[in-house]
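# Structural characterization, general
The chain contents come next:
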Amino acid sequence: MSTPATTSIDYTERIPNNVDLASDRRLQRALEAWQPKFLHWWNDMGPTLHTEDVYLRTAVAVGREGWANFGHVHLPEYRWGIFLAERNPDRTIGFGAHRGEPAWQQVPGEFRSALQRLIVIQGDTEPASVEQQRHLGLTAPSLYDLRNLFQVNVEEGRHLWAMVYLLHAYFGRQGREEAESLLLRNSGSADSPRILGAFNEPTPDWLAFYMFTYFTDRDGKYQLGTLKESAFDPLSRTCEFMLKEEAHHMFVGTTGIDRVVTRTAQLMRAHDTADVRPFGGIPLEVIQRYLNFHFSVSLDLFGSETSTNVANYYTAGLKGRWQEGRRRDDHQLTASTGVVDAVVHGRLTEVEAPTLLVLNQDLRTEYISDCGNGVVRWNRILAAAGLDDRLQLPHRGFNRKVGVYAGTGVTPDGQVIPEEEWERQRDRWLPSPDDLANVASLMHPVLEPGKIASWVAPPSTGINGQPFEYEYVHLR
Ligand code: BYC
């Protein structure tokens, strides 16, 4: 049963929120001191294209019905707020050693540093993605896409706020220091990079953006899904609401790739060739190489297949499994074993291990199966166009830097080959400098309402019932 709590959000407050910030003056002041630093970061590291206004969704409530408003917003005036899903006062811990006990409203001292670490890692990814995408507005293929880019960016900014709120409210001085550092590390920086690998990779063009929002945002979905299970109730409620916003980000990825594949298929049919570059399209083999890259770097985000960190998080109740409530077992996992990927004498195999230690792989397996749905969709588009070509997910060991496959040359179809040989073939499997240059050469801004770039099909519907031709963005 959930309490009605404060469900609608007051936008006259300096920091819109549904956590009754006004009742805690110290916290409010600390966050108000962080706010100008955030805005400074947004101006410095956020979108480089300046606009008059953008048709954006803004959260106005956290309930099931009608939680968002749509309207044109002048971007610097976007109101980033703190919104947690409603509290269930009866919620109990669903897994680990504390299963069945009431969920925590405060951080237990013994789990302070582990929880803080999880929140910092999550928080670090959000501004990183905004930094990675900052120049894309300059080459948007349509106003519709430009609007989606900004929507994703402002919500990633809000997700940073979500983590900063937790750090400020529950982790004292250390939390405040971590909140400052979240604005100081930067994607790709040589001196102070973002924490996780994928968030230091460039997102140089719109195909990369669609791939990122399909594959990397989907890691976000799965990681947030496990943190939503957390015994620490404010984290759980925060993640629950973030997941609501996250769905649109993955929609941008899924339909973005749909539209690129659709356009490529049209050009292949019209000109009876796989080389659609002369006609302003992106060849399928290039799409496949982008897919290989983004899938493999996103797999690294799950950590090692075998991890004592994840076992400790689970036992402590900090991080659960995907859809923990639906699992039919004891939710403690102290006595069970499972199988985990292994590379033994250069051969890909599986070994038995305690279930607790292999929870990163468990989550990764769920993720891979979800990723497969996109491939099925895209192949349907190819089949409907009468083409025999198909896209596929590469083997999970391909191009890995983290975990058991790191340092082994695994081909996309799962063969192990010597590393030097792998390096020699790299450009067949991953975007080559030529691919990147060719895709970059297609990235011209198309910013007239109703117009679309040559390499991508228009969307089948617009945003919030508006047509594709709608003036989603007013430019300066
Ligand atoms: N890069 O025990 P291990 C999102 C480190 S995306 C660099 O195998 P663990 C979003 C690891 O920290 C979701 N380092 O890993 C998407 C550890 O270091 P220590 C983000 C890495 O801890 C798009 C060591 O290697 N949220 O929201 O079991 C747009 C051994 O690690 C990497 C989260 O990730 C890497 N890829 O699992 C916007 C949730 N992987 O301890 C947003 C919070 C591992 O030896 N994070 N390392 O110093 C976690 O749950 C876990 O920390 C991880 C790693 C799943 C990331």
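Quick look at the structure, then.

Definitions and limits used
- Residues numbered from 1 in each chain as written.
- Predicted model: local features only at pLDDT ≥ 70, side-chain atom pairs only at ≥ 80, totals over all residues.
- Heavy atoms only, no water.
- Pairing = 2+ DSSP bridges.
- Helix = DSSP H or I, 4+ residues; strand = E, 2+ residues; numbered from the N terminus.
- Axes fitted to C-alpha atoms, helices over the stretch in contact; angles between N-to-C directions.
- Contact = heavy atoms within 4.5 Å.
- Parallel < 35°, antiparallel > 145°, perpendicular 65-115°, else oblique.
- Left-handed = near helix turned anticlockwise from the far one by under 90°.
- Nonpolar A, V, L, I, M, F, W, Y, C, P; charged D, E, K, R; others polar.
- Near = heavy atom within 4 Å.
- Polar contact = N/O pair within 3.5 Å; in protein donor to acceptor, adjacent residues only side chain to side chain.
- Areas by Shrake-Rupley, 256 points an atom, 1.4 Å probe, with all protein chains shown as cover.
- 1 Å grid on protein atoms, 1.4 Å probe; cavity = no way out; pocket = protein on both sides within 12 Å on 5 of 7 lines; lining within 4 Å.
- Points joined across faces, edges and corners; volume = space filled by probe spheres on them.

Read across the sheet, three strands follow the order E2-E1-E7 without closing on themselves; strand pairing throughout is antiparallel. Single-partner strands in this sheet number two, and they are strand E2 (68-73) and strand E7 (473-475). Across the sheet, the axes of successive neighbouring strands diverge by a mean angle of 15 degrees, strand direction being ignored. Where strand E1 (residues 51-59) lies against E2, six bridges are found, and the strand directions are antiparallel. Bridge assignment links Leu-56 to a residue of E2, and that residue is Gly-71. Along the sheet, helix H3 (residues 143-170) makes contact with E1, E2 and E7, crossing E1 at roughly 55 degrees.

What follows concerns the packing of helix H2 (residues 112-132) against H3. It is at 8 Å that the axes of H2 and H3 come closest, and there the two elements cross at 155 degrees. Regarding the angle of H2 to H3, the classification is roughly antiparallel. Handedness of the H2/H3 crossing: left-handed. Across the interface between the two elements, Arg-112, Gln-116, Ile-119, Val-120, Gln-122, Gly-123, Glu-126, Pro-127, Ser-129 and Val-130 of H2 pack against Asn-153, Glu-156, Gly-157, His-159, Leu-160, Met-163, Leu-166, Leu-167 and Tyr-170 of H3. For the contact of H2 with H3, the per-class residue count stands at nine nonpolar, seven polar and three charged.

This part takes up the site of the ligand. In the vicinity of the ligand lie 28 residues, with Arg-117, Gln-122, Ser-304, Ser-307 and Lys-319 positioned nearest. A distance of 2.7 Å is found between a nitrogen atom of the ligand and a side-chain nitrogen or oxygen belonging to Gln-122. Calculation on the ligand without its partners gives an accessible area of 1,100 Å², and the protein chains cover 81% of this total. Mapped by element, the contributors of at least two residues to the shell around the ligand are H2, helix H5 (206-227) and helix H8 (308-316). Here the shell around the ligand is built from residues that sort into nine nonpolar, twelve polar and seven charged.

Right, let's talk about the environment of Ile-368 for a bit. Tracing the backbone through its elements, the reader meets Ile-368 in helix H9 (residues 359-384). Residues in contact with Ile-368, not counting those within four places in the same chain, are Phe-295, Leu-299, Leu-393 and Arg-396.

Right, let's talk about the packing of H3 against helix H4 (residues 172-184) for a bit. For any two helices packed against each other, the geometry comes down to the angle between their axes and how far apart the axes lie. Packing of H3 against H4 brings their axes to within 6 Å, and their N-to-C directions diverge by 155 degrees. Classified by the interaxial angle, the pair formed by H3 and H4 is roughly antiparallel. On H4, the residues that touch Leu-160, Val-164, Leu-167, His-168 and Tyr-170 of H3 are Gly-172, Gly-175, Arg-176, Glu-178, Ala-179, Leu-182 and Leu-183. For the contact of H3 with H4, a count of residues per class yields seven nonpolar, three polar and two charged.

On to empty space enclosed by the protein, then. Within this structure, the stated rule accounts for two cavities of 30 Å³ or more. Roughly 50 Å³ of internal volume is contained in the largest cavity. Together, Thr-226, Val-310, Lys-319, Gly-320, Arg-321, Leu-359, Asn-360, Asp-362 and Leu-363 line the largest cavity. Tallied by class, the residues present in the lining of the largest cavity amount to three nonpolar, three polar and three charged. Space inside the second largest cavity adds up to approximately 30 Å³. Residue assignment for the lining of the second largest cavity shows that the elements contributing at least two residues are H5 and helix H7 (284-299). Split by residue class, the lining of the second largest cavity holds four nonpolar, four polar and one charged.

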